[in-house]
Amino acid sequence: MQKYHLNNRPNCELTDETEISAILKNGKYSVISMCRDNEPYIVTLSYGYDSEKNSLYFHCSPRGLKLDFINANPQVCATVIEDGGYVVNECGHNYRTAVFWGTIKIVSDLDEKKHGMKVLLNHLEDQPEIIKEKLLKSNDFYSKMEILRLDINEIHGKAGR
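In this text, all values refer to a predicted model and were calculated from it rather than measured experimentally.

*Asks:* Help me understand helix α3 (residues 110-124), please; the structure alone is not making it clear to me.
*Replies:* For an α-helix the count is 3.6 residues per turn, leaving residues at separations of three or four pointing the same way. Between its first and last C-alpha atoms α3 spans 21 Å; for 15 residues at 1.5 Å apiece the expected length is 21 Å, and the two agree. Listing the buried residues of α3 in full gives E112, K113, G116, M117, V119, L120, L121 and H123. For α3, the side-chain oxygen to backbone nitrogen distance between the N-cap and D111 is 3.2 Å, and the N-cap itself is D109.

*Asks:* How do you make sense of the side chain of S30 when you look at a structure like this?
*Replies:* Along the chain, S30 turns up in strand β2 (residues 29-36). One polar contact links the side chain of S30 to the main-chain carbonyl oxygen of T79, over a distance of 3.1 Å. With sequence-adjacent residues up to four places away left out, S30 is seen in contact with V43, T44, L45, Y47, L56, F58, A78, T79, V80 and F100.

*Asks:* Would you mind going over the pattern of salt bridges with me for this structure?
*Replies:* When charged atoms on two side chains of opposite charge get close, those side chains can pair. Under the criterion given, the structure shown has seven salt bridges. The partner of R149 in a salt bridge is E112, and the shortest N-O contact between them spans 2.4 Å. One end of the pair, R149, is in strand β8 (residues 146-160); the other, E112, is in helix α3, with 37 residues separating them in the sequence. Of the residues examined, R149 reaches a relative accessible area of 13% and is grouped as buried. One connected set of salt bridges, linked through shared partners, spans K53, E112, R149 and D151.

*Asks:* Please clarify how the packing of α3 against helix α4 (residues 128-135) should be interpreted in this entry.
*Replies:* Two measures define how a pair of helices packs: the angle their axes make with one another and the distance between the axes. Packing of α3 against α4 brings their axes to within 8 Å, and their N-to-C directions diverge by 140°. Taken together, the axes of α3 and α4 are oblique relative to one another. Between α3, through K118, L121 and N122, and α4, the contact on the second element is made entirely by P128, I131 and K132. Its residues assigned to classes, the contact of α3 with α4 comprises three nonpolar, one polar and two charged.

*Asks:* Mind showing me how you'd approach the pairing of strand β7 (residues 92-107) here?
*Replies:* Within a regular strand, the side chains alternate between the two sheet faces. When strand β6 (residues 75-87) meets β7, the two strands line up antiparallel, connected through twelve bridges. Residue pairing in the sheet places G85 in a bridge with N94 of β7. Where β6 folds back on β7, the antiparallel hairpin that results is connected by four residues, among which N89 adopts a positive phi of roughly 65°. Relative to β8, β7 runs antiparallel, the two being bridged by 13 bridges. The residue of β8 that forms the bridge with G102 is I152.

Thresholds, definitions, all that
- Residues numbered from 1 in each chain as written.
- Predicted model: local features only at pLDDT ≥ 70, side-chain atom pairs only at ≥ 80, totals over all residues.
- Heavy atoms only, no water.
- Helix = DSSP H or I, 4+ residues; strand = E, 2+ residues; numbered from the N terminus.
- Expected span 1.5 Å × (residues − 1).
- Buried < 20%, exposed > 50% of the residue type's maximum accessible area, 1.4 Å probe, protein only.
- Polar contact = N/O pair within 3.5 Å; in protein donor to acceptor, adjacent residues only side chain to side chain.
- Contact = heavy atoms within 4.5 Å.
- Salt bridge = Lys/Arg side-chain N within 4 Å of Asp/Glu carboxyl O.
- Axes fitted to C-alpha atoms, helices over the stretch in contact; angles between N-to-C directions.
- Parallel < 35°, antiparallel > 145°, perpendicular 65-115°, else oblique.
- Nonpolar A, V, L, I, M, F, W, Y, C, P; charged D, E, K, R; others polar.
- Pairing = 2+ DSSP bridges.

This is the structure:
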């Protein structure tokens, strides 16, 4: 994978892998940029972070523009932002961000779909068992949606203020 020089301000760069991983563990949504035939597309999706696989899982409709872009070009760039808020009268902002590059795929294996949904619910929900009991009782649920997995190849962190 090509290396990217992201930071003109090395004092803002995060180098501690634990701190960068914490941004992904604490975040709730990711902004994903894609490209197809020199046409850009960006989408924001809630996710679940699987630290063991260094992957993010998403769920979505089985139809849509994002799937067309993924099928055309699975290479993506994405970000997760921890917004600490604008600092009034100082023209500053408190934040931490992770920018990462990777490959996104549509998961077809039923067991991995179940794993991805479990990761997602455990990441987003305070009481994931409630949703699991309501929705995940049957395999039919998984035929009505897609599960996406973004495998992170490279990641950089940055913090401000």
